[in-house]
Amino acid sequence: MLPQQVSADVDPLTDPHRIAAARRLMEEVAGPAVFDRLSGLAARLVGVGHAKVTLFPDQDTVVGGHGLPAGAVGGRALLTGAFSALTVRRGASLDVPDAAADPRVADLPAVVSGQVGSYLGAPLVAASGHVVGVLAVYDPHPRAWSDDDAALLEQLSASVVAELELAAARSAVGTSRARLDVALEAGSVGIWEQDLRTGTVFWDERCAAIFGFEHAVEVSSVDEMMAQRIHPDDHAAVREAMRVAMAGRGEYVVETRVLRTDGAVRWTVSRGRVGRNAHGEPVRVLGTTVDVTDAREQAEARLAAVQRAAAIAEVAAELANATRMQQLAAVGLRGCATVLGADATAIAVLDPADGTLRLHMTRSLVDAVEAGADVALPAEGVELPLDDALPAQYVARHGEPVLLADRAEAVARFPRMAEVGDLVGVQALAALPLRLEGRLLGSFVAAWRHEHRVGEDDVALLEALAAQLALSVSRLRADAERDAAVAEMRAANARLELLAEAGEVFAGTLDITEQLQRLAELVVPALGDWCWVVAADEHGRMRELASAHRDPARTGELSAYVRAMVASMREGAAARVVVRTGRPVVVPRLDDEYVHRVLGDPAARAALRALAPDSGVAVPLVSRGRTLGALGLFADASRGPLSEVALETALEIGRRAGAAAAQARLFGQQRQLAETLQRSLLTAPPAPDHCEIVVRYVPAAAGAEIGGDWYDAFVQPDGATVLVIGDVVGHDSRAAAAMGQLRGLLRGIGHHTGGTPAELLTGLDQAGVGLDLDTMATALVARLEQDDPELRSGHTRLRWSTAGHPPPVLIDADGHVTLLDDTPPDLLLGVLPTTPRTDHVASVDRGGTLLLYTDGLVERRDRDLDAGIAELLDVLDGLTGLPLQELCDALLDRMYLPDTEDDVALLAVRLHPQDRPRPPEAGPQRVPPGIEPAPDVVVQPEAAADR
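Residues numbered from 1 in each chain as written. Predicted model: local features only at pLDDT ≥ 70, side-chain atom pairs only at ≥ 80, totals over all residues. Heavy atoms only, no water.

Check the secondary structure of the protein and you find 27 helices and 33 strands. Excluding contacts between residues fewer than 6 apart, the proportion of contacts in the protein whose partners are at least 24 apart in sequence is 63%. (Helix = DSSP H or I, 4+ residues; strand = E, 2+ residues; numbered from the N terminus. Contact = heavy atoms within 4.5 Å.)

Another aspect to go through is the packing of aromatic side chains. Summed over all chains, the structure comprises 8 aromatic pairs. A ring pair is formed by Trp192 and Tyr252, whose centres lie 5.8 Å apart and whose planes are at 80 degrees; its orientation type is edge-to-face. With Trp192 in strand β7 (residues 189-195) and Tyr252 in strand β10 (residues 251-259), the pair connects residues that are 60 residues apart, well separated along the chain. There is no split in this pair, since Trp192 and Tyr252 are both buried. Where Trp530 meets Phe634, the ring centres are 4.4 Å apart and the plane angle is 20 degrees; that geometry is what we call stacked. Of this pair, Trp530 sits in strand β19 (residues 530-536) while Phe634 sits in strand β23 (residues 626-635); the two residues are 104 residues apart in sequence, bridging distant segments of the chain. Classification of Trp530 by relative accessible area gives buried; the value is 2%. (Phe/Tyr/Trp six-rings, centres within 6.5 Å; stacked < 30°, edge-to-face > 60°. Buried < 20%, exposed > 50% of the residue type's maximum accessible area, 1.4 Å probe, protein only.)

Attention now moves to a negative patch on the surface. Taken together, Asp821, Glu859, Asp864 and Asp866 make up a surface patch of like negative charges. Considering the arrangement of structural elements, one finds Glu859 in the loop between β32 (849-853) and α25 (865-877). (Patch = residues over 30% accessible without salt bridge, like charges linked within 9 Å, V, L, I, M, F, W, Y side chains within 5 Å. Areas by Shrake-Rupley, 256 points an atom, 1.4 Å probe, with all protein chains shown as cover. Salt bridge = Lys/Arg side-chain N within 4 Å of Asp/Glu carboxyl O. Lys, Arg positive; Asp, Glu negative; His and termini not counted. Charge placed at Lys NZ, Arg CZ, Asp CG, Glu CD.)

Attention now goes to the sheet that holds strand β24 (residues 691-698). One open sheet accounts for 5 strands, arranged β24-β33-β32-β29-β30; its pairing is antiparallel. Where the open sheet ends on each side, the last strands, each with one partner, are β24 and β30 (817-819). The mean inter-strand angle of the sheet, taken between neighbouring strand axes irrespective of direction, is 15 degrees. Here α25 sits on the sheet in contact with β29 (809-811), β30 and β32, set at roughly 160 degrees to β30. Here helix α26 (residues 884-895) sits on the sheet and contacts β24, β29, β32 and β33 (904-911); the angle it forms with β24, its principal contact strand, is near 25 degrees. (Pairing = 2+ DSSP bridges. Axes fitted to C-alpha atoms, helices over the stretch in contact; angles between N-to-C directions.)

What follows covers the sheet that holds strand β15 (residues 382-384). Strand order in the open sheet made by the 6 strands is β15-β14-β13-β18-β17-β16, with antiparallel pairing throughout. Taken across any chain shown, the strands that pair with only one partner, and hence form the sheet edges, are β15 and β16 (402-404). Mean inter-strand twist for the sheet, computed between neighbouring axes without regard to direction, equals 25 degrees. Bridge count for strand β14 (residues 357-361) against β15 is 3 bridges, and the pairing is antiparallel. If you follow Leu359 over to β15, its bridge partner there is Val382. Against the sheet, helix α12 (residues 391-398) makes contact with β13 (344-350), β14, β15, β16, β17 (428-436) and β18 (439-448), and its axis sits at roughly 150 degrees relative to β18, the strand it touches most.

Our next topic: the nonpolar core. Trp532, Val534, Tyr561, Met565 and Leu599 are the most contacted members of the largest nonpolar core, which has 31 residues in total. Taken together, the elements giving at least two residues each to this core come down to β19, α17 (555-568), α18 (574-581), β21 (585-587), α19 (592-598), α20 (602-611) and β23. Counting residues per element, this core draws most heavily on α17, at 6 residues. Counting 30 residues, the second largest nonpolar core, distinct from the first, contains Ala428, Trp448, Ala470 and Val473. (Core = buried A, V, L, I, M, F, W, Y, C linked by side-chain atoms within 4.5 Å.)

As for its placement among the helices and strands, Leu404 is situated in strand β16. You can call Leu404 buried: its relative accessible area is 3%. Each C-alpha atom of the pair Leu404 and Leu429 lies 5.1 Å from the other, and the pair is 25 residues apart in sequence. The contacts of Leu404, once residues within four sequence positions are left out, are Pro391, Glu409, Ala410, Phe414, Ala428, Leu429 and His452.

Here we take up unusual backbone geometry. The backbone of Ala612 shows a phi angle near 55 degrees, a positive value even though the residue is not glycine. Here Ala612 lies in the loop between α20 and β22 (615-623). On the basis of relative accessible area, Ala612 is assigned to the partly exposed category, the value being 43%.

This next bit is on the side chain of Asp903. Mapped onto the secondary structure, Asp903 falls in the loop between α26 and β33. Within the structure, the side chain of Asp903 is placed 2.7 Å from the side chain of Tyr697, a separation counted as a polar contact. (Polar contact = N/O pair within 3.5 Å; in protein donor to acceptor, adjacent residues only side chain to side chain.)

Moving on, we get to the pattern of salt bridges. Applying the stated criterion to the full structure yields 34 salt bridges. One salt bridge connects Arg197 with Asp195, and the closest N-O pair in it is separated by 3.4 Å. On the basis of relative accessibility, which here comes to 66%, the residue Arg197 falls in the exposed class. With a relative accessible area of 23%, Asp195 lands in the partly exposed category. Where Asp614 meets Arg589, a salt bridge forms, and the shortest distance between an N and an O atom there is 2.5 Å. Of the two residues, Asp614 sits in the loop between α20 and β22 while Arg589 sits in the loop between β21 and α19, which places them 25 residues apart along the sequence. A relative accessible area of 16% places Asp614 in the buried class.

And the structure:
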């Protein structure tokens, strides 16, 4: 055999597979005689004085050799060990004719000392292919080894390996036989043999002991042996197993009961194999027999335990899915029927609320009772009297188990069992308490239609089933209590959510009509199928505020009815009673008599019948003890009467709606007053010459306070038009008051002095300090000026000055939009009155438009002023062709957000051409007294010359 190839990076000396193969052979060596013989033969044939057999388990070990002391086994091969190791690594013969001249071995101690002058070694290759040792010859003197020497040594190495393998095999066989004997003895396995030619059967001592004999037995007749020692019921199985073995693969397996000499019956398993002669004819059967009685009994016990555990586990799994008490008895029956053979079960459960005991039975018992008593049993169980007349009640009351093996025993202890037995056919019965954590929940009953005595194992199973049923009874009770609590919690949560949503309705808008309409849509269908909200004025007249129907298609029909109801309701109507008394009115039944009593208009009555309400309730809208109106809520017959929770929720909504309505009414009054005051301070602008001046003021959407934004336009004595836009810091009544003062001061200063915009702002700033106004504001003042040359050329000079205010925007006659923002604005008013202020000048062609605005138009929380002004320019770029009124409205529509928190003031001036009449959209010219109106048409010099 060729040496096994190993990876290049694995040293053969340390290869674990090689070491294992060598060690196995080393351990099985019986003695050195054979190796002495082979090594001596090698020495004689080669003609040298020394030969060795060396094994390499994990070190070089001499097994035997020629020229060594007798019995040299197991020692280190000190002299030639390095040579042998080199041979093992090569995996091939090593030929060293002159060791001193060979660089591979010249430095070895044996060579240096002159003990080894030449060496020839052949590897010992085991059957596995591993090199396990070396057969070597050597001489103290140099010597040339011939090819015949090498071939001879390799042949002898194969013989050495064969001897080693044979010794190992003999040793393994011996060990295996010893182990087999130990195993057979430990397992009580008997060996038998049947001679098919003579019919003789031989049992060894262990096999004979299984049948009750003390010594080995030889039986001359198989039939006699079977008749005396094999259970009659198993004869057919033995013969069939033998027939199959003869006809098939020759394997014999059969389980039988053997009849021992002491009369005992034992279960055995016999296995065998058919032996055949050279012609393939069966001649004998050799087999084993083992006694499996104890194992069988243990297996049956384990099977019974497994069946009980499986029954309990199955019951537990089914009980986990049970949702009603009626299901528990059926689940318990499945657990008892499989293992105990019960025919029916029942459970009796105590109701914790009223203490009643209700019996739930399986289907067969229910059918028997209903057929025998001709009654229909209630689905929720049969209520049992709390007495001791029957086992179910007794156990449920006292918690003691009752086991009745037959009818006589049952009737003797419970006489009424005779009647029950006749009705449902019960003979035996077991009743166990349903108990959980010391609490008695009821009883569990298993019944048999035949006599049945319950053993200890059966009682354990019934107790386990009863424990599972008790858990399920407790769970179903807890589920019912939890479901009730969850339903109550859901109702409470729904009520809270509805009230929260109602709060959002009231907080979302201050328009009372919109509030109440959204409220009506909220309570339908949450609380009812349709509703209305009505209010009473100071004279007691009713008016409709809102209505809603769960079917949107009937909204118009409902609204028409409510209008008719308001117009024709009588004093007894729910809405009038609620407004008059401030108390809710519940109408449990809206019958014809009630409808005729409260509605005088036949059409209104017909409309109400079409809506088909079954019941209703009206609750007051109350604020600070005053009833402002009523909320009516109605349900049809399918919904049923309104619950107490619905009524309480409606009352709370009515209280909140009343408070919100009062607040909204008060806010509306305050807002109207504030806007009136604000607009009274912002007078209508003049319309001088060909100027069209349009102003807009939009108060903040949030809050009722007036603001500090203002605009103004007036004509100075010299005919120049002054334009003003400003914003007082703050947003309250104080800011509005300061705005009024600053506006008045600026008008007075501007009219009296006739100064430039910068002079007006300086005078206003100084006056504010002198009058102790203590306020800050931004403002932009512009002045439209025109001399004769400008008049003739069709231009107007725009002079302006700004105190921290956003810059003006100019739209020229061609529609180009320009931001007049060449320098940073001056300091705002009220900070440093002595600060110098600057006038800026620009020329505006006739047909141009100037726009002044406050920061509420462009500034937002989510963007800065520059971004807002950029958007303003973009929007204006698309509006330049509109008339001025439409331009201002469109600009506000696109730029002003409904929920802004700041006022917006807007002043726009369009300079119409003076060589044509004022356009109709500009309206007539209006100037203050003492100012000479401009002519309708100013004739240009060129035009006059042409005429």
